[in-house]
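Structure at a glance
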Amino acid sequence: MSMNLGPLFDPFELHHLQLRNRVAMAPMTRNFSPNGVPGPDVVDYYRRRAEAGVGLIITEGTTVNHAAANGYPNVPAFHGEQALAGWKQVVDAVHEAGGAIFPQLWHVGAVRKEGTEPDPAVPGYSPSGLFAPGKPNGQAMSREDIRDVVKAFGDAAQDAKALGFDGVEIHGAHGYLLDQFLWEGTNQRDDEYGGSLENRLRFVVEIVEEVRHRVGPDYPIMLRFSQWKQQDYDAKLVSSPEELERFLTPLVEAGVDIFHASTRRFWEPEFEGSNLNLAGWTQKLSGKPTMSVGSVGLTEDFISGTFASKQESVEQSGIDELVERMNDGEFDLIAVGRALLQDPEWLVKVKEGRLNEVTAFARKSLTTLY
Ligand SMILES: Cc1cc2nc3c(=O)[nH]c(=O)nc-3n(C[C@H](O)[C@H](O)[C@H](O)COP(=O)(O)O)c2cc1C
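Throughout this document, residue positions are counted from 1 along each chain, in the order its sequence is written. Since the coordinates come from a predicted model, pLDDT governs what is reported: local features require at least 70, and pairs of side-chain atoms require 80 or more to be given and counted, while whole-chain, interface and lining totals use all residues. Excluded from the side-chain calculation are hydrogens and water; included are all heavy atoms of the structure.

**Topic: the pairing of strand β14 (residues 333–336)**
- The alternating pattern of β14 places Leu333 and Ala335 on one face and Ile334 and Val336 on the opposite face, and all of these are buried.
- For two strands to be treated as a pair, DSSP must find at least two bridges joining them. Numbering of helices and strands starts at the N terminus; helices are DSSP runs of H or I of at least 4 residues and strands are runs of E of at least 2. Looking at chain direction, strand β3 (residues 23–25) and β14 are connected through three bridges and run parallel. If you follow Met25 over to β14, its bridge partner there is Val336.
- One ladder, built from three bridges, connects strand β13 (residues 290–293) with β14; its direction is parallel. Each bridged residue has a counterpart across the sheet, and for Ser292 the counterpart in β14 is Ile334. Partly exposed residues are those whose accessible area sits between 20% and 50% of the maximum for their type, while under 20% is buried and over 50% is exposed, using a 1.4 Å probe and protein chains only.

**What about the sheet that holds β13?**
- Spatially, β3-β4-β5-β10-β11-β12-β13-β14 is the arrangement adopted by the eight strands of the closed barrel, whose pairing is parallel. Sheet twist, expressed as the mean angle between neighbouring strand axes with direction ignored, is 25°.
- Together, β5 (100–106) and β10 (168–171) form the strand contacts of helix α3 (residues 143–163), whose direction differs from that of β5 by roughly 165°. For helices, the axis comes from a line fit to the C-alpha atoms of the stretch in contact; other axes are also lines fit to C-alpha atoms, and the angle between any two N-to-C directions lies between 0 and 180 degrees. Whether two residues touch is decided by their heavy atoms; if any such pair falls within 4.5 Å, the residues are in contact.

**Comments concerning the nonpolar core**
- Within the largest apolar cluster, 94 residues are counted, with the highest numbers of intra-cluster contacts made by Phe203, Leu244, Phe247 and Trp346.
- Those residues in contact with Phe247, other than ones at most four positions away along the chain, are Leu182, Leu197, Leu201, Phe225, Leu237 and Val238.
- Definition used in this section: a nonpolar core is a set of buried Ala, Val, Leu, Ile, Met, Phe, Trp, Tyr and Cys residues joined via side-chain atoms within 4.5 Å. Residues Phe12, Leu14, Ala24 and Ala100 belong to the second largest nonpolar core, which totals 16 residues.

**Description of the pattern of salt bridges**
- A pairing counts as a salt bridge when a side-chain nitrogen of Lys or Arg comes within 4 Å of a carboxyl oxygen of Asp or Glu. The tally for this structure, following the rule as stated, stands at 18 salt bridges.
- Close ionic contact of Glu270 with Lys236 constitutes a salt bridge, the shortest N to O distance being 3.9 Å. Remark: Lys236 occurs in the loop between β11 (221–226) and α6 (241–254) and Glu270 occurs in the loop between β12 (258–262) and α7 (278–286); sequence separation between them is 34 residues.
- Looking at Lys236, the relative accessible area reads 48%, which means it is partly exposed.
- Where salt bridges share partners, they join Lys151, Asp155, Glu210 and Arg214 into one cluster.

**Considerations on the site of the ligand**
- Taken together, 18 residues are adjacent to the ligand, and Pro27, Thr29, Arg224, Ser295 and Arg338 come closest.
- One of the backbone nitrogen or oxygen atoms of Pro27 is found 2.7 Å away from an oxygen atom of the ligand.
- For this analysis, a polar contact is any N or O atom pair within 3.5 Å, provided that within protein one partner can donate a hydrogen and the other can accept it, and provided that sequence-adjacent residues contribute only side-chain to side-chain pairs. Gly337 has a polar backbone atom sitting 2.8 Å from an oxygen atom of the ligand.
- We get accessible surface area from the Shrake-Rupley algorithm with a probe of 1.4 Å; when it comes to residues, only the shown protein chains can shield them. Notes on the ligand: free accessible area 600 Å², of which the protein chains cover 94%.
- Residue classes follow a fixed rule: Ala, Val, Leu, Ile, Met, Phe, Trp, Tyr, Cys and Pro count as nonpolar, while Asp, Glu, Lys and Arg count as charged, and any other residue, Gly among them, counts as polar. Per-class residue counts for the shell around the ligand are eight nonpolar, eight polar and two charged. We define proximity as follows: a residue is near a molecule or strand when any one of its heavy atoms falls within 4 Å of that partner.

**A closer look at the side chain of His260**
- Relative to the helices and strands, His260 is located in strand β12.
- Side-chain polar atoms of His260 contact the side chain of Glu169, separated by 2.7 Å.
- Excluding its chain neighbours within four sequence positions, the residues that come into contact with His260 are Pro27, Ile58, Glu169, Met222, Leu223, Arg224, Phe225, Met291, Val293 and Ala335.

**Let's talk about the pairing of β11**
- Across the six residues that make up β11, a large majority, six, are buried.
- Side chains Ile221, Leu223 and Phe225 of β11 all project onto a buried face; the interleaved residues Met222, Arg224 and Ser226 project onto the opposite face, where all are buried too.
- Relative to β11, β10 runs parallel, the two being bridged by four bridges. The residue bridging Val168 from the neighbouring strand is Ile221, located in β11.
- Pairing of β11 with β12, which is carried by five bridges, proceeds in the parallel orientation. Paired with Met222 across the strands is Ile258, a residue of β12.
- One crossover worth recording links β11 to the parallel β12 by way of α6, and it is right-handed. Orient the strands so they point away from the viewer; a crossover is then right-handed if the path from the first strand over the helix to the second runs clockwise.

**Overview of the environment of Arg200**
- Relative to the elements of secondary structure, Arg200 occurs in helix α5 (residues 197–215).
- As a C-alpha pair, Arg200 and Pro127 span 73 residues in sequence and 9.6 Å in three-dimensional space.
- Discounting residues that sit within four places of it in the chain, Arg200 has contacts with Phe181, Leu182, Trp183, Glu184, Asn187, Tyr193, Gly194 and Gly195.
- Of note is the side chain of Arg200, whose polar atom sits 2.8 Å from the backbone oxygen of Leu182.

**Regarding unusual backbone geometry**
- Between Glu117 and the following residue, Pro118, the backbone shows a cis peptide bond with an omega angle of 0°.
- By secondary structure assignment, the location of Pro118 is in the loop between β5 and β6 (125–126).

**Digging into α6**
- Along its 14 residues, α6 runs 20 Å from first to last C-alpha, staying within 8% of the 20 Å computed at 1.5 Å per residue.
- Each element contacted by the buried residues of α6 is listed here: α4 (177–182), α5, β11, β12 and α7.
- Downstream of α6 by a residue or two, Gly255 has a phi angle that is positive, lying close to 130°. To estimate the expected span of a helix, subtract one from its residue number and multiply by 1.5 Å.

**Side note on the packing of aromatic side chains**
- Pairs were defined over the aromatic rings of Phe, Tyr and Trp, the Trp ring being its six-membered one, requiring ring centres within 6.5 Å. Orientation was assigned from the angle between planes: stacked under 30 degrees, edge-to-face over 60, tilted for the rest. Across all of its chains, the model carries 14 aromatic pairs by this definition.
- With centroids separated by 6.4 Å and ring planes inclined at 75°, the aromatic side chains of Phe181 and Tyr193 adopt a geometry described as edge-to-face. With a gap of twelve residues between them, Phe181 in helix α4 and Tyr193 in the loop between α4 and α5 connect regions that are remote in the sequence.
- Judged by relative accessible area, Tyr193 falls into the buried class, the value being 7%.
- What links up through ring pairs into an aromatic cluster is the set Tyr45, Tyr46, Phe78, Trp87 and Phe165.
- Only Lys NZ and Arg CZ are tested; either one counts as a charge over a ring when it is within 6 Å of the ring centre and within 35 degrees of the ring normal. Geometry around Tyr370 places Arg48 over its ring, the cationic atom sitting 4.1 Å from the centre.
- Its end group placed over the ring of Phe361, Arg338 keeps NZ or CZ at 5.8 Å from the ring centre.

Here is the structure:
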């Protein structure tokens, strides 16, 4: 049975970027890159999704060149000859299959624990040495550390462009380093990087400016941000549309082209009195295209579905509501995570109305890279 898919398969254009449809693969850490190098299995993993029609692939978080950027085993690096050569293979495979691809540039900040690769002696680095309010970890960054990390993001973006990536996504979400600066709960600095919303934004603004400077005016820069943090699902960076506008304006001025507003369920209204979700409000207030995300094709949400629930599978849902919101122009692009992690052919099956053939998300799929 075929469904009304509205604008889901309409092309999308921004500067020189041309996407064949509005569906992106959400960035998902997979821990299959020993020594930080994405190998042939990673190439094939992304190729499969592009071959089955995904318009834009956003890679798993990949670390910028700073000693404390990584927080987990076997995460791909975005620096060093071997890792970049691996990424080049990924880019070429996705392009051959007609897809576009952005790397997600990442620094985990105070999520890093001592003992983590590549150098186990290096502690976490963060604005105030806090993993969460009242939970110290690692060290507070000096101004020099801040400059080093800003430069590392610039270097990575420049490398991304040179390798043929179609744009970059800067990971500013989920309680990692950039979000630790944004969030009052982890930013207790009393210098120009802490205090007011404008000050807490300064580090991210400097990163966006540096990236823009390195890649030139027409290269797409996407910024992922979220209200929720892994440290606190109920945390908020902003609590009203007015505050959201104050948050977005400096980022637009710094050079963000697309905002990727990360929510756990795309159908949830962000502020009272309107049905708009965070991506909807962000598009309205910034005037920029936005990408939404959260539980497309799933009934369980991210956290319970992936990590807590004993339930092995979940049903498809949400496509009708997604199409309705996209018909209304609420947001421009939609990212799909677990449904695509589980079933590389999820999108083509949706397109052809073969939902009964979709393999439902099961937690055990996290242990393989198919
Ligand atoms: C295994 C796994 C790894 C993830 N890794 C990342 C990551 O590296 N960067 C990121 O921004 N989000 C990451 N996420 C969050 C996803 O990008 C996405 O926002 C989330 O899964 C919700 O989308 P979904 O409901 O379609 O899965 C991860 C999610 C999963 C399930």
